[in-house]
Amino acid sequence: MGIRFVLMVNKQGQTRLAQYYEYLTLEERRALEGEIVRKCLARNEQQCSFVEHRTYKIVYRRYASLFFLVGVDNEEVSRAHTFTIMCPNELAILEFIHLLVETMDRHFGNVCELDIMFHLEKAHFMLEEMVMNGCIVETSKANILAPIQLMDKAS
């Protein structure tokens, strides 16, 4: 598995969307999110968008008032096992974040924090269409949005 979690956080550090692809208790999630958010929000724009934390490599990007954070397996930790797990490239994860934002922009029209808050189920649905069990399975914006548009027509 490559992607372990996806977080969307505002500038104040409040989590607006969290999707995990591995089991963590609620306490572990809160602690992990707090540590990662503090670490990423404290960085300036001149620093790179990759941070190592615990057994994860965090790839993040800021769009307007939202930070998109993706936690992936750390290559060094994965190679320590008897077999090698294919870990996604950091630049590919940055591209995935950009695709997610573009997809949300297409649906919501210049996505913002309020869109995520008021349409959380749609944001989760888009993410579920793109990522399955920690693997990116869909990159076509039209294919990602088609089921959501069908649901919108039906309601």
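Residues numbered from 1 in each chain as written. Predicted model: local features only at pLDDT ≥ 70, side-chain atom pairs only at ≥ 80, totals over all residues. Heavy atoms only, no water.

Undergrad: Can you explain the sheet that holds strand 3 (residues 50-53)? Please cite residues and give values.
TA: Strand order in the open sheet formed by five strands is 2-1-5-4-3, with antiparallel pairing between adjacent strands. At either margin of the open sheet sits one strand with a lone partner, and together these are strand 2 (15-20) and strand 3. Along the sheet, successive strands turn relative to each other by an average axial angle of 20°, direction set aside. As defined by bridge partners, strand 1 (residues 3-10) adjoins strand 5 (residues 66-73) across seven bridges and the pair is classed as antiparallel. Pairing of M8 across the sheet is with F68, part of strand 5. (Pairing = 2+ DSSP bridges. Helix = DSSP H or I, 4+ residues; strand = E, 2+ residues; numbered from the N terminus. Axes fitted to C-alpha atoms, helices over the stretch in contact; angles between N-to-C directions.)

Undergrad: An account of helix 6 (residues 141-154) is requested, with residue identities and associated values reported.
TA: For helix 6, built from 14 residues, the straight-helix expectation of 20 Å at 1.5 Å per residue is met to within 8% by its first-to-last C-alpha distance of 20 Å. When the local axis directions of helix 6 are compared, the greatest deviation, roughly 30°, occurs at P147. Every buried residue belonging to helix 6 is among I144, L145 and I148, and all of these are buried. Close packing links the buried residues of helix 6 with helix 3 (90-108) and helix 5 (120-130). (Expected span 1.5 Å × (residues − 1). Bend = angle between axes of the 7 residues up to and from the residue. Buried < 20%, exposed > 50% of the residue type's maximum accessible area, 1.4 Å probe, protein only. Contact = heavy atoms within 4.5 Å.)

Nothing here speaks to function; it is all geometry.
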